[in-house]
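# Descriptive analysis of the structure
Residue strings, one per chain:
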Amino acid sequence: MRRAVSGSQGDILCAVNSVKTHSVSKPSIILLMADDLGIGDLGCYGNRTLRTPNIDRLAEEGVTLTQHIAASPLCTPSRAAFLTGRYPIRSGMAAFSRVGVFLFSASSGGLPSEEITFSKLLKQKDYATALIGKWHLGMNCESSNDFCHHPLSHGFDYFYGLPVTNLRDCKPGQGSVFLKGVQKGLVIPIQITGIALVSLAIVQYIGLLKVPFQALSYFLLIITISLVVLIFFFYNFRHLNCFLMRNHQIIQQPLSYENLTQRLTKEATQFIERNTDRPFLLVLSYLHVHTALYASEKFKGKSMHGLYGDAVEEMDWSVGQILDVLEKHNLSDKTLVYFTSDQGAHVEELSSAGEIHGGYNGIYKGGKSTNWEGGIRVPGLLRWPGVVQAGAYIDEPTSNMDIFPTIVKLADAQLPSDRIIDGHDLLPLLQGKATRSKHEFLFHYCNAYLNAVRWHPGNSESVWKVFFFTPNFSPEDSNGCYDSHVCFCHGGFITRHDPPLLFDLSRDPEEKVPLTPETESRFYEILRVIHQAVDNHTRSLHAVPNQLSWNNLLWKPWLQLCCSSLFQSCYCDYENCTSRVWVSDLKLWYKPSEGFVVLEEDQSSNTYCSRREFQSRKRAKRGKARHTFPDFYHTA
């Protein structure tokens, strides 16, 4: 369904005839992805208290998708689906365990190399490709430098950002997402171990059992080593997992939040300016508004919604900078810009002081980690002046997986023929050449478990949605799983439904009142059609390695990336170094703004970024360590 609103509301009348018919081949592509942003956080989706004029401008000058669906309500699987156009269950990026995302930089799981991303296909068509910001799809497989899951192994020419994600543990004073879980997980094992040791000591003392002293020593040694490793890891979590990379090189470890959005934005605008004469693909994946929340001094304390609102408004500023640089170089008409979020707002996010750190999902129920509409219905804005209709609203079901076939087709590349692509080309809808979505069915997974199905019959305005199970909210009368911070997908965390819960989203978008055979005469017929669709979908799935198994999720010390050494707490900061440094073993100067450059060998003007780096350099002179300065030259 397509509609437009009157100019009295400040929106632009949808005018199909105004769309130009010039070539739509090989435009530049900018994909802007927020993290945990609620659909109700933006002015163009009804918010009247947060200021998002630049994002709203995308809506005014382009198309607003009102039923745009993330393929998963969690970061890692949603982003995998976005890049590949496929349900994450097909690539092994959906967990059977409780943990559905990567948490550590030294995990071995990640987006498999066999997967074909849109960046790979566009790179083959001579696009310059860059990912700026959050990755969260793995790093290494077998060694700390194989980079098998790295963005540069998935079709990006240039990467500047975080290999994992932004977490409270990354920012001092913001609490921990692990502390409660670790405490719960350790209490029982420590109690069991203590009871076992005391019992062994008693039976040894009274002579009922002879326990070899060597076996007891080995047992105590294993327990001690395990505790030491665990304490070391969580004490150094920030250094080990929260760092900034440029391509394969760590440039800031741990990550500093100071002017971080400005730095990401600068990298993005510079990439655009380096590629004004060729088509480019830029994925700008914001850290906003995932916790830990942050904002620069220019935005801190300026919104009506605390630090969360400050972060949203700073992100909106960044979007404005991107649009401005396109205008500056006369690229607006040659560039498709897309804005979305990886999933809905994380409603359970509260600071230790009780401040709301999660977003607003509008009228929709639930949030991140659930397949209620609040967890998966996300912003979807597309602007391409002269090609995409300005001011149009599309109410048809669409998916973030649709971006894959849409931009692959625009780049004159071929869709893979050896695998199922679950997304559909959006351009006919965006140009008004089609009025119905090609998505008759959408399958909603909670990790690797099929949770719900959406059916939009071709001969009806109804959008039916069934739930096979739903999360148990805690407290029961709340809108989320506050006791566990996120909702889980199996066991005692869910309630199964037989028959499934049935809603008609066209009449009940808030999912308030499940339909019954008494209130919906076609109840069993609808369920029959959906069950048949599930059977067909299930038959299309093939067994693949589980990238989010416990073995692939756990921290592996030999995969740990570290810019200095573990004994130096993995510390470096080339981002804040403004002086030039002479690296004698390379006989080159290093300047943070330029990389390695040839200058006069005037070592008398030699300065160092920090005392720690100076000490590292002195050790390098004595031959006890290599230089710790980046071994890259920035040319991308």
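Before reading on, note that the structure itself is shown above.
Quick summary incoming for the structure in this document. (Residues numbered from 1 in each chain as written. Predicted model: local features only at pLDDT ≥ 70, side-chain atom pairs only at ≥ 80, totals over all residues. Heavy atoms only, no water.)

We now examine the sheet that holds strand 15 (residues 441-446). The antiparallel open sheet is built from 4 strands, whose spatial order is 15-16-17-18. The open sheet has two free edges, formed respectively by strand 15 and strand 18 (494-504), since each of these has just one partner strand. Within this sheet the neighbouring strands show an average axis-to-axis angle of 20 degrees, counted without direction. Sheet analysis places strand 17 (residues 464-471) next to strand 18, joined by 7 bridges and oriented antiparallel. What sits directly across from Phe-467, in strand 18, is Leu-501. (Pairing = 2+ DSSP bridges. Helix = DSSP H or I, 4+ residues; strand = E, 2+ residues; numbered from the N terminus. Axes fitted to C-alpha atoms, helices over the stretch in contact; angles between N-to-C directions.)

Cis geometry marks the peptide bond from His-288 to Val-289, where omega comes out at 5 degrees. Mapped onto the fold, Val-289 is located in the loop between strand 9 (280-285) and helix 9 (306-328). Following Thr-291, the chain continues to Ala-292 via a peptide bond in cis, the omega torsion being 15 degrees. For Asn-330, which is not glycine, the phi dihedral falls at a positive 55 degrees. Position of Asn-330 among the secondary structure elements: in the loop between helix 9 and strand 10 (335-341). What makes Asn-330 exposed here is its relative accessible area of 60%. Unusually for a residue other than glycine, Glu-511 sits at a positive phi of about 55 degrees. Of note, Glu-511 is situated in the loop between strand 18 and helix 13 (523-539). (Buried < 20%, exposed > 50% of the residue type's maximum accessible area, 1.4 Å probe, protein only.)

Turning to a nonpolar patch on the surface, a few remarks are in order. Taken together, the side chains of Val-198, Ile-202, Tyr-205, Ile-206 and Leu-208 make up a nonpolar region of the molecular surface, amounting to roughly 600 Å² of accessible area. Looking at the secondary structure, you find Leu-208 in the loop between helix 5 (179-206) and helix 6 (213-235). A relative accessible area of 65% places Leu-208 in the exposed class. (Patch = residues over 30% accessible without salt bridge, like charges linked within 9 Å, V, L, I, M, F, W, Y side chains within 5 Å. Areas by Shrake-Rupley, 256 points an atom, 1.4 Å probe, with all protein chains shown as cover. Salt bridge = Lys/Arg side-chain N within 4 Å of Asp/Glu carboxyl O.)

The subject of this paragraph is the side chain of Asp-169. The topology assignment puts Asp-169 in the loop between strand 6 (158-162) and helix 5. Arg-168 provides the closest opposite charge to the buried, unpaired Asp-169, separated from it by 7.6 Å. Within the structure, Asp-169 has its side chain in polar contact with the side chain of Ser-176 (distance 2.5 Å). Among residues more than four places away in sequence, those in contact with Asp-169 are Gly-175, Ser-176, Val-177, Phe-178, Phe-237 and Arg-238. (Lys, Arg positive; Asp, Glu negative; His and termini not counted. Polar contact = N/O pair within 3.5 Å; in protein donor to acceptor, adjacent residues only side chain to side chain. Contact = heavy atoms within 4.5 Å.)

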